[in-house]
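# Results of the structural survey
So the chains spell out like this:
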Amino acid sequence: MNLKERRKRFMDRWRSRQGPWTLWNIDKRDGFLRESSCWLYRYGITANHITLAGFLLNLLWIGLYEYFKFRNPLYHLSFFIIPIGLSDVFDGSAARNNDDVTPQGTLGDHLRDMIYVFTMSRIALDSGLDWRLVVSVVVVECLVLLLKTIAFVWNCDGKYTREEILEFSLDSFQHTDEDRWYGVFTSFGIPAFMVGVYYNVQFLVYAGQSLLICSLGIGVLVLKKEFLWTPTPKEKE
């Protein structure tokens, strides 16, 4: 089996784990972003560059916040939360559309997401979110990344060939239904709480807290499904 056939098989297996309740059907999303992602690729802007941009913007965000302590949630949403979220939406499609899926990009994507959640939680803590809820959200996010990384090294068993790493990345590091909804509830829950506190809208305060509690329950499912997941007999073939 040549490399092109292997990649096609990997992509088919990747898509097979995408359920009907993902944010947006992966093929439709990739098709919608195909023209723009291919245009960027022609000018040397790869999916990994997009992931790195989101990562660096996150570091800038937490640095500026720690220095200036700005409270207005519109600043956070407009300049950091939405742009970083868009980098998360765009980089995966850019990688698939340009046949440029790499283990480095996959790991970088999860690392950026972890720091993203940490930064939002840090700001929400200053806004008055219960510290136990903040710690729980951060711990679950860190566990998801940690267990995936352990499984990554364990699966490769020291044989870090490009094909083996790529196959494991596509099998175990891509987003399943639970990953999607865990990310949605966390990404909307914390900003909703911040806006509710700043503008004294109790509905948003309670909605934000409820979304975060739901995200914790889904996070447990993510840990169970991702770390304990094993291939079916058909997939082993």
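Everything that follows concerns the structure shown earlier in this document.
An account of the accompanying structure is given in this report.

Thresholds applied
- Residues numbered from 1 in each chain as written.
- Predicted model: local features only at pLDDT ≥ 70, side-chain atom pairs only at ≥ 80, totals over all residues.
- Heavy atoms only, no water.
- Helix = DSSP H or I, 4+ residues; strand = E, 2+ residues; numbered from the N terminus.
- Expected span 1.5 Å × (residues − 1).
- Buried < 20%, exposed > 50% of the residue type's maximum accessible area, 1.4 Å probe, protein only.
- Arc of directions from axis to C-beta.
- Contact = heavy atoms within 4.5 Å.
- Axes fitted to C-alpha atoms, helices over the stretch in contact; angles between N-to-C directions.
- Parallel < 35°, antiparallel > 145°, perpendicular 65-115°, else oblique.
- Left-handed = near helix turned anticlockwise from the far one by under 90°.
- Core = buried A, V, L, I, M, F, W, Y, C linked by side-chain atoms within 4.5 Å.
- Phe/Tyr/Trp six-rings, centres within 6.5 Å; stacked < 30°, edge-to-face > 60°.

Let us now look at helix H3 (residues 47-68). Here H3 is 22 residues long and its end C-alpha atoms lie 31 Å apart, about the 32 Å a rise of 1.5 Å per residue gives. Among all positions in H3, only Ala47, Ile50, Thr51, Gly54, Asn58, Trp61, Ile62 and Tyr65 are buried. The arc enclosing the buried residues of H3, seen along the axis, measures out at 115 degrees, which places them on a common side. Exposed and facing more than 90 degrees away from the buried side of H3 are Tyr67 and Phe68. Where the residues of H3 are buried, they touch helix H4 (73-97) and helix H5 (103-127). One or two residues past the end of H3 sits Lys69, with phi positive at roughly 55 degrees.

Viewed as axis vectors pointing N to C, H3 and H4 meet at an angle of 160 degrees, and their least axial separation amounts to 8 Å. Here H4 runs roughly antiparallel to H3, going by the angle between their axes. In this structure, H3 crosses over H4, and the sense of that crossing is left-handed. Across from Ala47, Ile50, Thr51, Gly54, Leu57, Asn58, Trp61, Leu64 and Tyr65 in H3, the residues of H4 making contact are His76, Phe79, Phe80, Ile81, Pro83, Ile84, Ser87, Phe90, Asp91, Ala94 and Ala95.

Another aspect to go through is the nonpolar core. Core analysis: the biggest nonpolar cluster contains 28 residues, and Trp61, Tyr116, Met120, Leu129, Ile190 and Leu212 have the highest contact counts within it. When sequence neighbours within four positions are dropped, the list of residues in contact with Tyr116 reads Asn58, Trp61, Ile81, Ile84, Gly85 and Ser187. Leu40, Ala47, Ile50 and Ala94 belong to the second largest nonpolar core, which has 8 residues in total.

Once that is clear, we can look at H5. With 25 residues, H5 extends 36 Å between its outermost C-alpha atoms, agreeing within 8% with the 36 Å of an ideal straight helix rising 1.5 Å per residue. Of the residues one or two after H5, Gly128 is the one with positive phi, at around 115 degrees.

Now for the environment of Asn48. Considering the arrangement of structural elements, one finds Asn48 in helix H3. By relative accessible area, Asn48 is classed as partly exposed at 30%. Separated by 47 residues in sequence, Asn48 and Ala95 place their C-alpha atoms 7.9 Å apart.

Looking now at the side chain of Thr46. Residue placement: Thr46 occurs in the loop between helix H2 (26-42) and H3. For Thr46, a relative accessible area of 17% corresponds to the buried category.

On to the packing of aromatic side chains. The full count for this structure, using the stated rule, is 8 aromatic pairs. Between Trp61 and Phe80, the aromatic rings sit 5.6 Å apart at their centres with planes inclined by 5 degrees, giving stacked as the arrangement. Taken as a pair, Trp61 in helix H3 and Phe80 in helix H4 lie far apart in primary sequence, 19 residues in all. Taken as a pair, Trp61 and Phe80 share a single burial class, namely buried. Ring centres of Trp181 and Phe185 lie 6.2 Å apart, and the angle between their planes is 50 degrees; this geometry places the pair in the tilted category. In this pair, Trp181 and Phe185 are both assigned in helix H8 (residues 177-198), 4 residues apart and thus about one turn of the helix distant.

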